[in-house]
Amino acid sequence: MLLLLALGVVLVAPSAQAKPATAKKKVKAAAAEASPAPEAAPSLEPKAIEVLKAASNRLAAARTLKFNAVHFYESSSRHGHPLAFTTKSEVTLQRPDKLRVIMSADGPASEFYYDGKKMMAYAPAENLVAVADAPGTLDAALEQAYNSAAIYFPFADWIVTDPYKEMSDGMKLAYYIGQSKVIGGTTTDMVAYIDHGVFIQAWIGADDKLPRLLHATYLEDPERLRHTLVLSDWQLDPAVPADSFTSAKAASANPMPFAHPHPESSPAAEPAAKGKPSKPHQTN
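Each chain has its residues counted from 1, running along the sequence as written. Thresholds applied to this predicted model are a pLDDT of at least 70 for local features of residues and 80 or more for the giving and counting of side-chain atom pairs; totals over whole chains, interfaces and linings are not thresholded and use all residues. Side-chain numbers here rest on the full set of heavy atoms in the structure, without hydrogens or water.

### Points about the overall build of the chain
- Scanning the chain for helices and strands turns up five helices and twelve strands.
- Within the chain, buried positions represent 44% of all 284 residues.
- In these tables, accessible area is a Shrake-Rupley quantity obtained with a 1.4 Å probe, and a residue counts as shielded only by the protein chains included in the view. As displayed, the chain offers around 14,400 Å² of accessible surface, 55% of which is attributable to carbon and sulfur atoms. Numbering of helices and strands runs from the N terminus, with a helix taken as a DSSP run of H or I at least four residues long and a strand as a DSSP run of E at least two residues long. Only protein chains enter the area calculation, which uses a 1.4 Å probe; residues under 20% of their type maximum are buried, those over 50% are exposed, and those in between are partly exposed.

Structure (structure tokens):
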């Protein structure tokens, strides 16, 4: 559907793994009796949590935000090879109830506006717009856009009211990797974590605490297609014109329903994992 703004991945149950042979079981049992099992490493390392919380607090404290997000994602071709596609989102938000996303893409371009009362998804090339009443907070609007029309932004977890709470609700693992001096032209702390079945490696500014790069793989995707999100041109608390979150041109376009492109697979029909897309959101 032309108005959908990002790609998710179809989550498929992993194939059953072969059971170990009886001989292997005996060897493992003998080894267990000979020496005590090592203590399990902590699943959530304090250093990783510290880095993620610092980034969350920095973004949550900003009343207005502007940044660019370039999303590289893989999608299987009809020949079975993973093809890479790209979207670029120019993002402006004002807490607690305003968002604008202007997106260019390898598929059709799109625009999204939310002003605290209405949300609009606009396809400029086709001059089509979908308009819906919206709740009074950005968090609720993002959830409604996904549930009702499969609109999902790959950077959504970083613009909600409390980014760390959003990711920690489904966090199963987090650990600190080290530092990089390559990404974003600055020193970044590298952390890895699992959030709602998605393995994410993040590069976060060591000094400014801003996320610069996210590399993600859906663990239940048998093809392990990769998603990379590059975040740049951060502006915290910039002046934002009052008319930034609506568009007269979009509002006057030809109307179309604000609806899920595949109703049978919508969250209303089959609840998805909290905060993560579970069906493909095609851009063309």
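More follows now that the structure is in view.
### Describing the sheet that holds strand 11 (residues 226-236)
- The pairing criterion is simple: DSSP has to find at least two bridges between the two strands. The strand order across the open sheet built from twelve strands is 7-8-9-10-11-1-2-3-4-5-6-12, with neighbouring strands paired in mixed fashion. Two strands in the sheet have a free side with no partner beyond their single neighbour: strand 7 (171-180) and strand 12 (254-255).
- Pairing geometry for strand 7 and strand 8 (residues 188-195), over eight bridges, is antiparallel. Each bridged residue has a counterpart across the sheet, and for L173 the counterpart in strand 8 is I194.
- Any two residues having at least one pair of non-hydrogen atoms within 4.5 Å are treated as being in contact. Here, axes are lines fitted to C-alpha atoms. For helices the fit covers the stretch in contact, and angles between N-to-C directions go from 0 to 180 degrees. Across the sheet, helix 2 (residues 46-61) is in contact with strand 1 (64-76), strand 7, strand 8, strand 9 (198-205), strand 10 (211-218) and strand 11; its angle to strand 7 comes to roughly 90°.

### Quick word on the pairing of strand 3 (residues 98-105)
- Bridge count between strand 2 (residues 82-94) and strand 3: eight bridges; the pairing is antiparallel. Across the sheet, the residue bridging to Q94 is K98, located in strand 3.
- The hairpin formed by strand 2 and strand 3 contains three residues between the paired strands.
- Pairing between strand 3 and strand 4 (residues 110-114): five bridges, direction antiparallel. When the sheet's bridge partners are listed, R100 is paired in strand 4 with Y113.
- With antiparallel pairing between neighbouring strands as the criterion, strand 3 and strand 4 make up a hairpin whose turn holds four residues.

### A word on the nonpolar core
- By size, the foremost hydrophobic cluster in this structure holds 53 residues, and its most contacted members are L99, F155 and Y193.
- For the purposes of this section, nonpolar cores are sets of buried Ala, Val, Leu, Ile, Met, Phe, Trp, Tyr and Cys residues that join through side-chain atoms within 4.5 Å. In terms of nonpolar packing, the next biggest core, distinct from the first, is built from six residues, Y122, V129, A250 and A253 among them.

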